[in-house]
Structure formats: structure tokens, C-alpha cells
Amino acid sequence: MAGALLTGTAGWLFVVFAGLALAAAIAVVVAKNPVHSALYLLLSFVLVACIFILQQAEFVGAVQMLVYAGGIMVLFLFVVMLVNPRTVRTDKTFQHQWDVALLLFPILLIPFVYVLWTDKLPDLPVNPAAFQTVRGKLAGNTEAVAWSLFRDYLLPFEIASVFLLVALIGAVVLGKRSLEKMD
Amino acid sequence: MTVTINHYMIVSLLLFSIGFFGVLARRNFLTILMSIELMLNAVNLNLVAFSRRLSDLTGQVFSVFVITIAAGEAAIGLALTISLFRQRKTLNVEEADTMRG
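Let me begin by describing the structure that accompanies this report. From a predicted model like this one, the values you see are computed outputs, not experimental measurements.

### As for the environment of Val48 of chain B
On the secondary structure map, Val48 of chain B appears in helix H2 (residues 29-53). It is 41 Å that separates the C-alpha atoms of Val48 of chain B and Lys89 of chain B, two residues lying 41 residues apart in sequence. Not counting residues up to four positions away in its chain, the partners in contact with Val48 of chain B are Phe52, Gln55, Ala57 and Val60 of chain A together with Ser63 of chain B.

So this is what it looks like as C-alpha cells:
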């Protein structure tokens with residue numbers, strides 16, 4: 001089959017990882033305690049990283065582990081500890097319009113199902129070497145991503161660095177106490 | 001088991017929908033932020049799957065950018081969480097419904 005992304009054992013592993021990731025995602029949304037939500041989110045991130053590694057996108061998988069599972073999750077757990085979830089009311093988890101939300105979100109399905117039914121992708125065989133070669137020579141996935149990132153996408157890369165600086169300053173300004181109290 | 005792009009899209013769609021439902025339905029500001037992360041993660045899954053399907057590296061580079069934006073968004077969102085909690089002593093988005101102060 002030309003369009004097969006994964007076959008054999010890798011395919012079954014994908015089914016296991018994807019099923020567990022979806023279960024963890026449901027647990028994130030349903031859990032009453034924010035700490036439980038954060039830990040289920042961590043599980044979901046790790047499983048999605050496993051799926052990335054399964055399809056030979058090792059660099060994205062590693063970045064997912066480092067940035068999401070390492071950085072963002074620590075940030076989340078840190079804030080959960082700062083705001084002390086015991087003071088947050090947990091008797092009502094969902095807003096009162098949650099049933100409307102449950103009715104509305106299948107509307108998202110329509111464009112997705114349309115794309116699935118009218119699959120116009122070129123029927124090329126999957127070529128994993130395409131993201132492991134640099135200038136015709138076989139290299140690692142990380143090296144290939146680096147070549148693409150620093151040559152073809154250098155300007156977006158620099159803009160992303162400016163964006164991170166903006167986010168850094170914004171987080172400091174928002175997070176500090178008001179100026180009057182500091183005086 | 002042969003996995004095609006359609007399987008990836010179904011998983012990504014379900015993950016995105018779960019995150020979307022979380023954003024719409026939850027009261028806790030922290031859980032809403034976590035649901036947004038779930039949605040961004042679903043988009044990454046799709047980008048990497050299409051990168052493999054089309055044998056093109058662009059999808060992977062783009063998903064690295066998406067992860068960067070997610071990190072910035074999480075930092076700002078959590079700073080807002082702390083700011084909200086300091087002013088209102090609550091994380092319930094239904095109680096923080098005034099524009100002033």
C-alpha cells in the first residue's frame with residue numbers, strides 16, 4: 001500500500017500509544033483536581049512524543065520531551081503549587097453551558113470528515129530518507145532539521161527568538177506585584 | 001497493522017476535539033490552559049504525520065515552531081493565572097467577568 005506510514009509492529013504500537021494518549025487527554029479534561037490534570041497532561045505529552053519517535057521524527061520527539069514534558073509541565077505544577085488548589089472550589093468542574101459545548105464541538109468534524117473523504121494527496125511511497133539526508137548524504141534527523149531550520153527558515157527562527165523575548169518580558173510584567181505595593 | 005494518514009488525522013481530530021471541549025466547558029483557568037496545550041499537541045501530531053506522508057521536512061520544522069509558540073503561550077498564561085489569583089482569590093473564569101480592575 002503506497003500511503004502506509006507505519007506497518008507491522010510499529011502500527012500496533014501506534015494504536016497503543018494513540019489510545020493511551022486519548023485516554024490521558026480525556027482524563028485531563030475530566031479530572032477535578034488541577035494536579036491530576038497536569039500529571040495526565042504529562043502522560044499525554046510523553047505518549048505523543050513516543051508517536052513522533054515511532055515515525056522517525058526523532059528531533060521533534062526529543063523537543064517535545066524537553067520543552068513540553070520538561071519545561072511547560074514544571075511551570076504548570078509550579079503554578080498549581082503557588083495558587084494552592086485547596087482554596088479553589090471544585091464542586092462544579094464544568095460551566096453550566098457544558099452540554100451546549102458537547103453539542104457544538106462535533107461541528108469541527110465536518111471539515112475534517114470532508115478532507116478524509118476527498119483525499120487528493122499524491123500517491124507517493126513514504127520515503128523516510130527524505131528527512132535524514134543532508135545534501136545527498138545520509139545524516140541524522142536532527143542534522144536534517146537543523147539544515148532546514150537555519151537555511152530555509154532562518155527569518156522565522158529569528159522572529160521566534162524575538163517572540164520568546166516578548167513572552168519573557170510579558171510574563172515578568174504580568175507576574176510581579178503592582179508597583180504601588182513595591183514602593 | 002497498517003497505519004495510514006487517515007488514522008493519524010482521526011487521532012489528531014479526537015485529541016483536538018477533547019482539548020476544544022475542555023476550553024469551552026471547564027471553569028478552572030489552569031485546566032483551560034492545559035486544554036489549549038492539548039490542542040496544539042494535536043496540531044503537531046498532524047504536521048509530523050503529513051511531513052512523513054509527503055516526505056517533506058517542512059512539517060517537522062513547523063512543529064518545532066509550534067512548540068516554541070506553545071512555550072511562550074504557557075508562560076504568559078500562567079503569569080495571567082497568578083495575576084488573576086492575586087486579585088480575585090479564585091481561578092474560576094465565570095467569577096472573573098468584569099473588565100475593570
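### What about the packing of aromatic side chains?
The geometry of an aromatic ring pair is captured by the separation of the ring centres together with the interplanar angle, meaning the angle of the planes. According to the stated counting rule, one finds 3 aromatic pairs over all chains in the structure shown. Note on Phe14 of chain A and Tyr8 of chain B: the rings are 4.5 Å apart at their centroids and 45 degrees apart in plane angle, and the pair reads as tilted. With Phe14 of chain A in helix H1 (residues 8-30) and Tyr8 of chain B in helix H1 (residues 5-25), this pair bridges two chains. The pair Phe14 of chain A / Tyr8 of chain B is uniform in exposure class, with both members buried. Relative to Phe157 of chain A, the ring of Phe150 of chain A lies with its centre 5.0 Å away and its plane at 80 degrees, an arrangement referred to as edge-to-face.

### Regarding the side chain of Ser148 of chain A
Here Ser148 of chain A lies in helix H6 (residues 141-152). In this structure Ser148 of chain A comes out as buried when scored by relative accessible area, which is 9%. Leave out the neighbours within four places in its chain, and Ser148 of chain A touches Tyr153 of chain A together with Leu57 and Val61 of chain B.

### Some words on the interface of chain A and chain B
The interface of chain A with chain B comprises 93 residues on the first partner and 73 residues on the second. Summing both sides of the interface, chain A and chain B together bury roughly 7600 Å²; the carbon and sulfur share of this comes to 74%. Sorting the residues of chain A by area buried against chain B places Leu5, Phe76 and Gln95 of chain A first, and these three jointly supply 9% of that buried surface. Linking chain A with chain B are 0 salt bridges, by the criterion used here. Where chain A touches chain B, the interface holds 9 residue pairs in polar contact (both at pLDDT 80 or more). For the side of chain A that touches chain B, the elements supplying multiple residues, two or more each, are H1, helix H2 (34-54), helix H3 (58-83), helix H4 (98-104), helix H5 (109-117), H6 and helix H7 (154-175) of chain A. In terms of residue class, the side of chain A that touches chain B is built from 67 nonpolar, 19 polar and 7 charged.

### Looking at H7 of chain A
Three or four residues apart is the spacing at which side chains of an α-helix point the same way, because the helix has 3.6 residues per turn. Residue and element names in this part refer to chain A. When the terminal C-alpha atoms of H7 are compared, their 31 Å separation across 22 residues agrees well with the 32 Å that a helix rising 1.5 Å per residue should span. Residues of H7 that are buried include every one of Ala160, Ala167, Gly170 and Ala171, and no others. Here the buried residues of H7 occupy an arc of 100 degrees about the axis, which is enough to place them on one side. For H7, the exposed residues lying more than 90 degrees away from the buried face are Leu155, Val162, Val166, Leu168, Val172 and Val173.

### Here's the deal with the nonpolar core
Phe14 of chain A together with Tyr8 and Leu30 of chain B are the most contacted members of the largest nonpolar core, which totals 58 residues. Listed by contribution, the elements that provide at least two residues to this core are H1, H2 and H3 of chain A together with H1, H2 and helix H3 (58-88) of chain B. Contact partners of Tyr8 of chain B, with chain neighbours within four places excluded, come to Leu5, Leu6, Phe14, Ile51 and Gln55 of chain A together with Val3 and Ala49 of chain B. In terms of nonpolar packing, the next biggest core, distinct from the first, is built from 10 residues, Phe131, Ala139 and Ala160 of chain A together with Val61 of chain B among them.

### Regarding a nonpolar patch on the surface
There is a patch of nonpolar side chains on the surface, built from Leu165, Leu168, Ile169, Val172 and Val173 of chain A and spanning about 470 Å² of accessible area. Take Val172 of chain A: it is sitting in helix H7.

### Quick word on the packing of H1 of chain A against H2 of chain A
Residue and element names in this part refer to chain A. With their axes 8 Å apart at the nearest point, H1 and H2 run at an angle of 160 degrees to one another. With respect to their mutual orientation, H1 and H2 come out roughly antiparallel. In this structure, H1 meets H2 at a crossing whose hand is left-handed. Contacts from Ala10, Leu13, Phe14, Phe17, Ala18, Leu20, Ala21, Ala24, Ala27 and Val28 of H1 reach H2 at Ser37, Tyr40, Leu41, Leu43, Ser44, Leu47, Val48, Cys50, Ile51 and Leu54. A class-by-class count of the residues in the contact of H1 with H2 yields 18 nonpolar, 2 polar and no charged.

### Comments concerning the environment of Val60 of chain A
All names here are of chain A. Structurally, Val60 is set in helix H3. Val60 sits in the buried class, given a relative accessible area of 0%. Considering only alpha carbons, one finds Val60 and Leu22, 38 residues apart in sequence, at a separation of 20 Å.

The rules behind each value
- Residues numbered from 1 in each chain as written.
- Chains lettered and ligands numbered in written order.
- Predicted model: local features only at pLDDT ≥ 70, side-chain atom pairs only at ≥ 80, totals over all residues.
- Heavy atoms only, no water.
- Helix = DSSP H or I, 4+ residues; strand = E, 2+ residues; numbered from the N terminus.
- Contact = heavy atoms within 4.5 Å.
- Phe/Tyr/Trp six-rings, centres within 6.5 Å; stacked < 30°, edge-to-face > 60°.
- Buried < 20%, exposed > 50% of the residue type's maximum accessible area, 1.4 Å probe, protein only.
- Buried area = accessible area lost by both parts, 1.4 Å probe.
- Salt bridge = Lys/Arg side-chain N within 4 Å of Asp/Glu carboxyl O.
- Polar contact = N/O pair within 3.5 Å; in protein donor to acceptor, adjacent residues only side chain to side chain.
- Nonpolar A, V, L, I, M, F, W, Y, C, P; charged D, E, K, R; others polar.
- Expected span 1.5 Å × (residues − 1).
- Arc of directions from axis to C-beta.
- Core = buried A, V, L, I, M, F, W, Y, C linked by side-chain atoms within 4.5 Å.
- Patch = residues over 30% accessible without salt bridge, like charges linked within 9 Å, V, L, I, M, F, W, Y side chains within 5 Å.
- Areas by Shrake-Rupley, 256 points an atom, 1.4 Å probe, with all protein chains shown as cover.
- Axes fitted to C-alpha atoms, helices over the stretch in contact; angles between N-to-C directions.
- Parallel < 35°, antiparallel > 145°, perpendicular 65-115°, else oblique.
- Left-handed = near helix turned anticlockwise from the far one by under 90°.

Without other data, these values stay purely geometric and don't point to any function.
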